[in-house]
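# Notes for the structure review
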Amino acid sequence: MTRRLVIVGGGIAGLAAAWEASASRGVSVSVLDNGVPAPGGKLRTSPLAGLPTDEGADMFLARVPEALALVDELNLTDRLTAPAAGGAAIWLDGAAHPMPGGLVLGVPTDPAALRGSPLVEAADVEQVRAELSRVGAPVTKDRSVGSLIRERFGDRIADRLVQPLLGGINAGVLDRLSLAAVAPQLDRVARAGPSLAAGLAEDLAASRQAAAVAGTVAPPFYGLPGGMGELIATLRAQLTNRGVTLRDGVRARSVRTAGGRLAIDVESTGSGEPREVTADAVILAVPGAAAAALLRGGAGPAHPTAPGAVLLLDELRTASVAMVRLAVRPDRVTTPPGRSGLLVPHGSGFITVAISYASTKWAHLTTDGLVRLRVSVGHDGDPDSSRLPTDELVARVLGEARTLTGLDGPVEDCSVIRWPGAFPQYDVGHLERCDTLDATLADELPNVTLTGAAYRGIGVPGCIRQGRAAAADAVSG
Ligand SMILES: Cc1cc2nc3c(=O)[nH]c(=O)nc-3n(C[C@H](O)[C@H](O)[C@H](O)COP(=O)(O)OP(=O)(O)OC[C@H]3O[C@@H](n4cnc5c(N)ncnc54)[C@H](O)[C@@H]3O)c2cc1C
């Protein structure tokens, strides 16, 4: 008998789940998505001054293999493009300073490479040297990234190097972010031996050695000429070819048991479409708050379908950001060659957290000679900046860009994308909470599973990994 799998959420995690499930025989797969203005969740690309520019994610990490594997299965490998620019700069005391060499996620591994950088002082270099020969006990349980970095390297390295990089990727605050959940590489090294710097230096040496053997340095990141929207469009087209039903513009309201199966109540924009969808298994590939709403629905808010899971989901925090995209004539702005962007540490007095020099990074965004900047605003602890009225937000960003990039004169194009609650915040103990959540839901509502950025990795490859794993479980029953 055909097993019916319904996936709620057509972002990359939900679509990856559909891809995995649709490779199995005897399973019918549907994806419900309410994405506005388009499905694909945080992977959305739209024109900026006529060229396809990402609204959210614009690249994925190569080291976590699941994104490259999916790209290969979709026959997109030949389309991959690597960022042309490498390092970012960090803003300090009125100037942009290149990031020193030898950093892993902002953590220093080489005192010599730090020396002379205006971002650190002589005492910091000495502290790195001392950490390299540390004899204390390794880390044994989860803690905040900030507490570890401050203890080992001091506040300046935490605030000026690690926070802008690792905090920036997560729109988070180092002192709350879980080492195990947001920085598995740091966690592994910190648990393996007394010195973080020494362990990370070994990692760096191993990747240099691998590059020497291969005769080439593999790019750490990849993107696509059509932006991340190209990945979504290709995946959706091939899912349709495999017989997967993609129902767009459909909001799922609740999931509950009905007659020994599962039922999903939906709000549909199309007339005549069924209001209830039945399933043998359901994957909720939606943000945590949306999953909580679905599991609360059932018999009304007073009788949640899965009360324990809802309580745990309610504990998950998120941060909101806004992306302001600017297209500027090259004589009106300074983007140093080879530099991928500028990171602005918290507390510098700017609402800008980072500026990505999109046209320096991506060859496909240089064809008309305009400079394209993607300015990120807002982070955990600053809920207000990303919510400023559009006129005020744009005026603030343009004013700050004047200081940060020398922007002078009008821009050719500008757009604002709001991403409310888009960045899950993995607080200390997050992974254990996820294990408890999964077990609680399995008990309260069997055959319903949670997947996506809210849980075990916010990056595109991590979302693909989680989506596929959820589908493999759902298909095997
Ligand atoms: C500005 C920004 C920049 C980023 N940059 C990068 C980057 O460069 N590299 C990287 O690896 N990662 C990056 N990320 C993170 C990454 O893009 C996301 O974590 C990831 O795409 C999330 O995928 P997802 O499928 O889990 O969730 P989502 O993309 O949020 O997808 C969930 C989908 O579910 C739908 N949905 C929600 N509720 C319902 C409902 N009730 N019924 C039906 N549908 C529903 C939504 O409309 C959405 O389409 C970035 C994120 C942002 C916001």
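Residues numbered from 1 in each chain as written. Predicted model: local features only at pLDDT ≥ 70, side-chain atom pairs only at ≥ 80, totals over all residues. Heavy atoms only, no water.

Looking up the protein chain in an unreviewed UniProt entry gives the name Coproporphyrinogen III oxidase, with the organism given as Candidatus Neomicrothrix parvicella RN1. As stated in UniProt under Sequence similarities (unreviewed entry), the record for the protein chain gives "Belongs to the protoporphyrinogen/coproporphyrinogen oxidase family. Coproporphyrinogen III oxidase subfamily." (UniProt positions renumbered as here; feature names shortened; annotations may be inferred.)

### Let's talk about the site of the ligand
Every one of the 34 residues lining the ligand counts as a neighbour, but Asp33, Asn34, Lys42, Met59 and Ile458 are closest to it. Take Lys42: an N or O atom from its side chain is 2.6 Å from an oxygen atom of the ligand. Secondary structure elements with two or more residues in the shell around the ligand: helix 1 (12-21), strand 2 (27-33), strand 12 (250-258), strand 20 (413-425) and helix 16 (460-476). Residue composition of the shell around the ligand, by class: 21 nonpolar, nine polar and four charged. (Near = heavy atom within 4 Å. Polar contact = N/O pair within 3.5 Å; in protein donor to acceptor, adjacent residues only side chain to side chain. Helix = DSSP H or I, 4+ residues; strand = E, 2+ residues; numbered from the N terminus. Nonpolar A, V, L, I, M, F, W, Y, C, P; charged D, E, K, R; others polar.)

### Focus on the packing of aromatic side chains
Any aromatic ring pair is given by two values, namely how distant the centres are and how the planes are angled relative to each other. One pass over the full model with this rule turns up two aromatic pairs. Measuring from centroid to centroid gives 6.5 Å for Phe60 and Tyr222, while their planes differ by 45 degrees, and the two rings are tilted. With Phe60 in strand 5 (residues 60-61) and Tyr222 in strand 10 (residues 221-222), this residue pair connects regions lying 162 residues apart in the sequence. Of the residues examined, Phe60 reaches a relative accessible area of 1% and is grouped as buried. Of the residues examined, Tyr222 reaches a relative accessible area of 16% and is grouped as buried. The side chain of Arg242 reaches across the aromatic face of Trp19, ending 3.5 Å from its centre. (Phe/Tyr/Trp six-rings, centres within 6.5 Å; stacked < 30°, edge-to-face > 60°. Buried < 20%, exposed > 50% of the residue type's maximum accessible area, 1.4 Å probe, protein only. Lys NZ or Arg CZ within 6 Å of the ring centre and 35° of its normal.)

### What to know about the pairing of strand 2
The buried count for strand 2 comes to six of seven residues, which makes it a mostly enclosed element. Two strands pair when backbone bridges link them, and strand 1 (residues 3-8) and strand 2 are joined in this way by six bridges, in the parallel orientation. Within strand 2, the residue paired with Val8 across the bridge is Leu32. For the handedness criterion, the β-α-β arrangement of strand 1, helix 1 and strand 2 is classed as right-handed. (Pairing = 2+ DSSP bridges. Right-handed = clockwise from strand over helix to strand, strands pointing away.)

### Re the sheet that holds strand 20
If you trace the seven strands from one edge of the open sheet to the other, you get 7-6-17-18-19-16-20, paired in mixed fashion. With partners counted over all chains shown, the strands left at the sheet margins are strand 7 (95-98) and strand 20, one partner each. Ignoring which end each strand starts from, the neighbouring axes of this sheet average 25 degrees apart. As paired elements, strand 18 (residues 352-357) and strand 19 (residues 371-377) share five bridges and run antiparallel to each other. Across the sheet, the residue bridging to Ala354 is Ser376, located in strand 19. Strands in contact with helix 14 (residues 390-405) are strand 6 (88-92), strand 16 (317-328), strand 17 (341-343), strand 18, strand 19 and strand 20; relative to strand 20, the strand with the most contacts, it is inclined by about 95 degrees. (Axes fitted to C-alpha atoms, helices over the stretch in contact; angles between N-to-C directions. Contact = heavy atoms within 4.5 Å.)

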